[in-house]
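Now for the letters of each chain:
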Amino acid sequence: TQLLEQSPQFLSIQEGENLTVYCNSSSVFSSLQWYRQEPGEGPVLLVTVVTGGEVKKLKRLTFQFGDARKDSSLHITAAQPGDTGLYLCAGANNAGNMLTFGGGTRLMVKP
Amino acid sequence: EAQVTQNPRYLITVTGKKLTVTCSQNMNHEYMSWYRQDPGLGLRQIYYSMNVEVTDKGDVPEGYKVSRKEKRNFPLILESPSPNQTSLYFCASAVGQGFYEQYFGPGTRLTVT
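Now for a quick tour of the structure.

Cut-offs applied
Residues numbered from 1 in each chain as written. Chains lettered and ligands numbered in written order. Predicted model: local features only at pLDDT ≥ 70, side-chain atom pairs only at ≥ 80, totals over all residues. Heavy atoms only, no water. Salt bridge = Lys/Arg side-chain N within 4 Å of Asp/Glu carboxyl O. Buried < 20%, exposed > 50% of the residue type's maximum accessible area, 1.4 Å probe, protein only. Pairing = 2+ DSSP bridges. Helix = DSSP H or I, 4+ residues; strand = E, 2+ residues; numbered from the N terminus. Disulfide = S-S within 2.5 Å. Contact = heavy atoms within 4.5 Å. Buried area = accessible area lost by both parts, 1.4 Å probe. Polar contact = N/O pair within 3.5 Å; in protein donor to acceptor, adjacent residues only side chain to side chain.

**So, the pattern of salt bridges**
Now for step 1: Under the definition given, this model contains six salt bridges over all chains.
Now for step 2: With a closest N to O distance of 2.6 Å, Glu38 of chain A and Arg36 of chain A form a salt bridge.
Now for step 3: A residue is classified by how much of its surface remains accessible, and Glu38 of chain A, at 29% relative accessible area, is partly exposed.
Now for step 4: Salt-bridge contacts for Asp38 of chain B lead to Arg44 of chain B; the nearest nitrogen and oxygen are separated by 2.9 Å.
Now for step 5: We classify Asp38 of chain B as buried; its relative accessible area is 10%.
Now for step 6: Taking the relative accessible area as the measure of exposure, Arg44 of chain B reaches 23% and is therefore partly exposed.
Now for step 7: Linked by salt bridges that have partners in common, Arg36, Asp38 and Arg44 of chain B make up one network.

Written as structure tokens, this is what we have:
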């Protein structure tokens, strides 16, 4: 079983601050995804990164896949209260049929 | 609207009483999967299906069954539920291998007493 360590587990910041969430593993993944989950709802896919070293931007969110495809980071610039939620990373195995999730980062952005 | 639906959303049952959680998607996705989410353990994959009549075990399949007789439906069956299966369950579907465009359902909160 592949493992994904996500850090930090909890993050409480003020509106306007920047933050980075990390997702690390000793295993290689064929792709890595980031999800955001609100209370009472299912996770919503934010991005999929496939190539080692790949960087994707989604408005104020920047996602990076490590060169060796073992780790990833999510950087949020100028966080807003609407960014509050549980952020999950998930790595796909080589066959692309099983997904391993990290433990999640619970982000709270205070106005 | 593209969506994955699950029923019921909440269920309280007793040990040993067979139950089924239904899952349906309207996107003609080939891949479907079930996950459970527990505090401190995150989301773990129970079973997945690459297409009709093709199912495979995930990381935590013990105590669960699934079937995929139609492309749109992927029910999760607990033949004899136990308290350690109390959890939040999510069904998901994706275009195919690689989990591109994976959509999750709203979740089913199951309590087994």
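**Focus on the sheet that holds strand β7 (residues 65-66) of chain B**
Residues and elements named next belong to chain B.
Now for step 1: Pairing is antiparallel in the open sheet, where four strands are placed in the order β1-β3-β8-β7. One side of each edge strand has no neighbouring strand; the edge strands of this open sheet are β1 (4-7) and β7.
Now for step 2: Direction of pairing for strand β3 (residues 19-25) relative to strand β8 (residues 76-78): antiparallel, over a ladder of three bridges. Bridging from a neighbouring strand, Val21 pairs with Leu76 of β8.

**Quick word on the pairing of strand β8 (residues 71-76) of chain A**
Residue and element names in this part refer to chain A.
Now for step 1: Bridge count for strand β3 (residues 19-24) against β8 is six bridges, and the pairing is antiparallel. Looking at the pairing, Cys23 lines up with Ser72 of β8.
Now for step 2: Here strand β7 (residues 61-65) runs beside β8; their pairing, made up of five bridges, is antiparallel. Looking at β8, one finds that Leu61 is bridged to Ile76.
Now for step 3: Between β7 and β8, which pair antiparallel one after the other, the connecting turn spans five residues, and Arg69 there sits at a positive phi close to 60°.

**Re the state of the cysteines**
Now for step 1: A full pass over the atoms with the stated rule returns two disulfides over all chains.
Now for step 2: Between Cys23 of chain A and Cys89 of chain A runs a disulfide, and the two sulfur atoms are separated by 1.9 Å. Disulfide Cys23 of chain A-Cys89 of chain A: torsion about the S-S bond near 75°, hence right-handed. Residue Cys23 of chain A is found in strand β3, and its partner Cys89 of chain A is found in strand β9 (residues 85-92); the two are separated by 66 residues along the sequence. Of the two residues, Cys23 of chain A and Cys89 of chain A, both sit in the buried class.
Now for step 3: Linked covalently through their sulfurs, Cys23 of chain B and Cys91 of chain B form a disulfide whose S-S length is 1.8 Å. Between Cys23 of chain B and Cys91 of chain B the disulfide shows an S-S torsion of about -70°. By sign, it is left-handed. Remark: Cys91 of chain B occurs in strand β9 (residues 87-94) and Cys23 of chain B occurs in strand β3; sequence separation between them is 68 residues.
Now for step 4: Accessibility expressed as a relative area gives 2% for Cys23 of chain B, which makes it buried.

**Describing the interface of chain B and chain A**
Now for step 1: Taken together, the contacts link 21 residues of chain B with 21 residues of chain A.
Now for step 2: Buried area between chain B and chain A, both sides added, is near 1,600 Å², and the carbon and sulfur share of it is 54%.
Now for step 3: The largest per-residue losses of area from chain B upon contact with chain A belong to Leu43, Phe99 and Phe104 of chain B, which jointly make up 31% of the total buried on that side.
Now for step 4: There are zero salt bridges connecting chain B and chain A.
Now for step 5: Where chain B touches chain A, the interface holds six residue pairs in polar contact (both at pLDDT 80 or more).

**Quick notes on the side chain of Ser33 of chain B**
Residues and elements named next belong to chain B.
Now for step 1: Positionally, Ser33 belongs in strand β4 (residues 31-38).
Now for step 2: Reaching out from Ser33, the side chain makes a polar contact with the backbone oxygen of Tyr47 at a distance of 3.2 Å.
Now for step 3: Aside from chain neighbours lying at most four places away, what touches Ser33 is Gln45, Tyr47, Tyr48, Phe74, Phe90, Cys91 and Ala92.

**Some thoughts on the environment of Ser30 of chain A**
Residue and element names in this part refer to chain A.
Now for step 1: In this structure, Ser30 sits in the loop between β3 and β4 (31-37).
Now for step 2: Spatially, the C-alpha atom of Ser30 lies 5.8 Å from that of Asn93, the residues being 63 residues apart in sequence.
Now for step 3: Non-local contacts of Ser30, meaning those with residues more than four positions away in its chain, are made with Val50, Arg69, Ala92, Asn93 and Asn94.
Now for step 4: Among the polar contacts made by the side chain of Ser30, one reaches the main-chain carbonyl oxygen of Asn93 at a distance of 2.7 Å.

Function-wise, these values are silent; they only describe arrangement.
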